[in-house]
Amino acid sequence: MKALLESLRPGDKDSELARAIDPARLPEHIAIIMDGNGRWAGRRFLPRVAGHKAGVAPVRVTAETCARLGVKVLTLFAFSVENWKRPRHEVETLWRLLRYYLKQELPTLQKNDIRLQVIGRVDALPLEVRRELDATIDATFSNRGMVLNLAINYGGRAEIVDAVNSILDMARLDGSIHTLKMDEDLIATSLYTASCPDPDLLIRTSGEMRISNFLLWQIAYAELYVTETLWPDFTRTDLLLAVLEYQKRDRRYGGLSAPRGLPAGVTINEESLQPALRES
Ligand code: FPP
């Protein structure tokens, strides 16, 4: 948080928004479905790939802002297992942009102490893309700030299938297959995101009310935030507004927020107890 405030001009709108954020209740993990690149381009009578190109800058701003804010993990949905159905030219442009981003943004990742990780079926990616990803993962391996997970050739169902298969493979190898018992912990620790906390906040741009096969297991209790803003227009302000909205939510994880009998929406905190405490 301190790093973010130091990077903003005092009195600016973003500086004021950042100041309103409670550093003690930051989302540890933010996941984003970056949607609307095609529509952004369409509205400007440009080819779809122009929207993807315009989507690179918000990736940089979002990663940098989250890192400076003190978010521990940022997961971005860059390419789904279903995206191969898009025209070849579009898919190839996405690979080119990803390689460009990785080369161009290494200094930003290093400066902000960000460690890059990839989640998804990476083996199926073109060799040059895998090489660039491996090089950036290696170069940022010892960074200890935020983890940036790029979800590439990623699908939530595919991830669960891969996790279950890896559990079965391990059990066959160590001879425990006949006594193997599945439980939530075993699956969670076999997912691509095993080392990360579950997302607290899932942001989707461009107004669609869908999960699109993203982090199906991990978002069980995530707060959802959908903005009409198209991804290429997503700014630091939009991100800070999403975090502020998250901090207004009452996270109950299936439990209760306040003793029964209180009117809906009323929660008890120190501030609301002050008048009663003064009277007693
Ligand atoms: C969805 O918009 C977006 C994608 C499928 C790709 C996301 C890629 C980027 C933001 C560019 C670069 C990424 C990195 C990590 C450097 P859409 O094409 O589905 O938009 P539409 O719904 O309006 O058609």
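Before reading on, note that the structure itself is shown above.
Residues numbered from 1 in each chain as written. Predicted model: local features only at pLDDT ≥ 70, side-chain atom pairs only at ≥ 80, totals over all residues. Heavy atoms only, no water.

### What to know about helix α5 (residues 56–69)
Next up, step 1: In a regular helix each residue adds 1.5 Å, so 14 residues correspond to 20 Å; α5 covers 20 Å between its end C-alpha atoms and thus fits that length.
Next up, step 2: Extensive coverage of α5 is indicated by the burial of ten of its 14 residues.
Next up, step 3: Along α5, the positions that sit buried rather than exposed are Val-56, Pro-58, Val-59, Thr-62, Ala-63, Glu-64, Thr-65, Cys-66, Ala-67 and Leu-69.
Next up, step 4: Phi turns positive, to about 110°, at Gly-70, one or two residues after α5. (Helix = DSSP H or I, 4+ residues; strand = E, 2+ residues; numbered from the N terminus. Expected span 1.5 Å × (residues − 1). Buried < 20%, exposed > 50% of the residue type's maximum accessible area, 1.4 Å probe, protein only.)

### A look at the site of the ligand
Next up, step 1: Taken together, 16 residues lie near the ligand, and Asp-35, Gly-38, Arg-39, Arg-48 and Arg-86 sit nearest.
Next up, step 2: Measuring from an oxygen atom of the ligand, one finds a side-chain N or O atom of Arg-48 at 2.7 Å.
Next up, step 3: Counting only elements with at least two residues in the shell around the ligand, the list comes to α3 (37–43), α4 (48–54) and α6 (88–111).
Next up, step 4: Among the residues forming the shell around the ligand, the class breakdown is six nonpolar, six polar and four charged. (Near = heavy atom within 4 Å. Polar contact = N/O pair within 3.5 Å; in protein donor to acceptor, adjacent residues only side chain to side chain. Nonpolar A, V, L, I, M, F, W, Y, C, P; charged D, E, K, R; others polar.)

### Side note on the packing of aromatic side chains
Next up, step 1: Across all of its chains, the model carries nine aromatic pairs by this definition.
Next up, step 2: Look at Phe-77 and Phe-214: their rings are 4.3 Å apart centre to centre, the planes differ by 5°, and that puts the pair in the stacked class. You can see Phe-77 sitting in strand β2 (residues 73–80) and its partner Phe-214 sitting in the loop between β5 (201–204) and β6 (223–226), a full 137 residues away along the chain. This pair shows no difference in class: Phe-77 is buried, exactly as Phe-214 is.
Next up, step 3: When the centroid spacing of 5.0 Å and the interplanar angle of 20° are considered together, the rings of Trp-231 and Phe-234 count as stacked. Exposure class is identical for Trp-231 and Phe-234. Each is buried.
Next up, step 4: One aromatic cluster is present, formed by Phe-77, Tyr-154, Tyr-192 and Phe-214 through successive ring pairs. (Phe/Tyr/Trp six-rings, centres within 6.5 Å; stacked < 30°, edge-to-face > 60°.)

### What to know about the sheet that holds β2
Next up, step 1: The parallel open sheet is built from six strands, whose spatial order is β3-β4-β2-β1-β5-β6. The open sheet terminates on both sides in strands that have one partner only, identified here as β3 (115–119) and β6. Each adjacent strand pair in this sheet contributes to an overall mean axis angle of 20°, direction not counted.
Next up, step 2: Pairing geometry for β2 and strand β4 (residues 147–154), over seven bridges, is parallel. (Pairing = 2+ DSSP bridges. Axes fitted to C-alpha atoms, helices over the stretch in contact; angles between N-to-C directions.)

### Topic: the pairing of β2
Next up, step 1: In terms of residue burial, β2 counts as a mostly covered element, since seven of its eight residues are buried.
Next up, step 2: In this sheet, β2 lies alongside strand β1 (residues 29–33) in parallel orientation, the contact comprising five bridges. Considered in β2, the bridge of Ile-30 is made with Leu-74.

### A few points about helix α10 (residues 236–248)
Next up, step 1: For α10, spanning 13 residues, the distance from its first C-alpha to its last is 19 Å, which sits close to the expected 18 Å at 1.5 Å a residue.
Next up, step 2: Residues of α10 that are buried include every one of Thr-237, Asp-238, Leu-239, Leu-240, Ala-242, Val-243, Leu-244, Tyr-246 and Gln-247, and no others.
Next up, step 3: Buried residues belonging to α10 abut α1 (2–7), α2 (13–20), β1, α5, β5 and β6. (Contact = heavy atoms within 4.5 Å.)

### Thoughts on the environment of Asn-213
Next up, step 1: Mapped onto the fold, Asn-213 is located in the loop between β5 and β6.
Next up, step 2: Along the backbone, Asn-213 and Ala-3 are 210 residues apart, and their C-alpha atoms lie at a distance of 34 Å.
Next up, step 3: Residues contacting Asn-213, with those up to four places away along its chain left out, are Phe-77, Val-81, Glu-82, Tyr-154, Gly-155, Gly-156 and Arg-157.
Next up, step 4: A polar side-chain atom of Asn-213 sits 3.1 Å from a polar atom in the side chain of Glu-82.

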